[in-house]
Amino acid sequence: MTRRLAEVAKKVGVSEATVSRVLNGKPGVSDSTRQSVLSALDVLGYERPTQLRGERARLVGLVLPELQNPIFPAFAEVIGGALAQLGLTPVLCTQTKGGVSEADYVTLLLQQQVSGVVFAGGLYAQADAPHDHYRLLAERNIPVVLLNAAIDHLGFPAVSCDDAVAVEQAWRHLASLGHERIGLVLGPADHMPSARKLAAARVLSPDLPDEFVARAIFSIEGGHAAASRLIDRGVTGIICASDPLALGAVRAARRKGLDVPSRISVVGYDDSAFMNCTEPPLTTVRQPIEAMGRAAVEILNSQVGGAVVPAEELLFEPELVVRGSTAQAPRS
């Protein structure tokens, strides 16, 4: 007990006597100091005293599907910084193959009595995935915010980049360069952002052949395989659902001896870190990460403060960033 008092006191910058008063429910401690002590207990991994377990910690779960795609660390940096400014401590939960599942992370976060959870990508975007852990959060009245397109009926507010506008920007850019055979590299069929992108493409090109739409797992290797199929079918412009997919498409073209961009033009999505340093620098559609991340934290904080937030989706406008991976369509 003495060691625990000393560690918590050092973490918060108060005396051990102050920590003891908080743990024993004694008066004479300000609310801010009391909350700091309780947050320090949570961060250091100590259980709260029984009489204090009913109160939620100043912890917020930040659940990411992966870290290999640089867009997710970028979101984590923005969201984590915004939470810290509000006195909330982010708990980073990153999924790995064969590791802790999203549902398991939710169980752990509930055990820690978190104040809320931000999901920056995850199973809520996949129609065929299990969703019981989201319903559990709703039943417990835990504040939740989702980043980017989700399935219907989960009942949580969301902050999204407008997938339809993103595809429109990329498509019109390629069309302006003379490309007529434009293909898409998208995620799985049940992936909601990909479904929105495909719907937008079909509005722009009602006669879009099914063979010009290739599905892939979200990785460079997945992009390589999918883009290779499109190139074999005569596509000259490729719009991808992520930057790693686009890098895979560039690699696929080069493996076939085709130059990017003189023979094949490629457009990514996200404008994640270092896309201006690739060869060629990647033309992509930028998600407004800073604005989206801060909006997600504002919505979550409102919920934590007791405000009733409608389960609506805020749509943010993307921005086409033209670099070196797109050019005039090759002459037949």
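Further up the page is the structure itself.
None of the values given here were measured: they were computed from a predicted structure.

Visitor: Explain the pairing of strand 3 (residues 116-119) to me, using residue names and the numbers behind them.
Guide: Burial of strand 3 is two-sided: the residues Gly 116 and Val 118 facing one way and the residues Val 117 and Phe 119 facing the other way are all buried. Relative to strand 4 (residues 144-147), strand 3 is paired through three bridges, and the arrangement is parallel. Paired with Val 117 across the strands is Val 144, a residue of strand 4. As a crossover connection, the stretch from strand 3 through helix 6 (residues 132-139) into strand 4 is right-handed.

Visitor: Tell me about the packing of helix 7 (residues 163-176) against helix 8 (residues 192-204), and please be specific about residues and values.
Guide: In a pair of packed helices, the angle between the axes and the distance between the axes together describe the arrangement. Taken N-terminus to C-terminus, the directions of helix 7 and helix 8 make an angle of 50°; their axes are 8 Å apart at the nearest point. In terms of their interaxial angle, helix 7 and helix 8 are classed as oblique. Here the hand of the crossing between helix 7 and helix 8 comes out right-handed. Where helix 7 abuts helix 8, its residues Asp 163, Ala 164, Val 167, Glu 168, Trp 171 and Arg 172 lie against Pro 193, Arg 196, Lys 197, Ala 200, Ala 201 and Leu 204. When grouped by side-chain class, the residues that make up the contact of helix 7 with helix 8 number seven nonpolar, no polar and five charged.

Visitor: I'd like a rundown of helix 2 (residues 16-23), residues and numbers included.
Guide: Within the span of helix 2, buried status applies to Thr 18, Val 19, Val 22 and Leu 23. The arc that holds the buried residues of helix 2, viewed along the axis, is 135°, so those residues lie on one side. Of the residues trailing helix 2, Gly 25 is marked for its positive phi of about 70°.

Visitor: Kindly report on the sheet that holds strand 3, identifying the contributing residues and their values.
Guide: Within the open sheet, the six strands sit side by side as 2-1-3-4-5-11. Their pairing is parallel. For this open sheet the edge positions go to strand 2 (89-94) and strand 11 (313-316), each flanked by a neighbour on one side alone. The average undirected angle you get between the axes of adjacent strands in this sheet is 20°. By the bridge criterion, two bridges tie strand 4 to strand 5 (residues 158-161) in an arrangement that is parallel. For Leu 146, the partnering residue across the bridge sits in strand 5 and is Ala 158. This element, helix 5 (residues 102-111), spans strand 1 (59-64), strand 2 and strand 3 of the sheet and lies at about 155° to strand 2.

So, how was this worked out
- Residues numbered from 1 in each chain as written.
- Predicted model: local features only at pLDDT ≥ 70, side-chain atom pairs only at ≥ 80, totals over all residues.
- Heavy atoms only, no water.
- Buried < 20%, exposed > 50% of the residue type's maximum accessible area, 1.4 Å probe, protein only.
- Helix = DSSP H or I, 4+ residues; strand = E, 2+ residues; numbered from the N terminus.
- Pairing = 2+ DSSP bridges.
- Right-handed = clockwise from strand over helix to strand, strands pointing away.
- Axes fitted to C-alpha atoms, helices over the stretch in contact; angles between N-to-C directions.
- Parallel < 35°, antiparallel > 145°, perpendicular 65-115°, else oblique.
- Left-handed = near helix turned anticlockwise from the far one by under 90°.
- Contact = heavy atoms within 4.5 Å.
- Nonpolar A, V, L, I, M, F, W, Y, C, P; charged D, E, K, R; others polar.
- Arc of directions from axis to C-beta.

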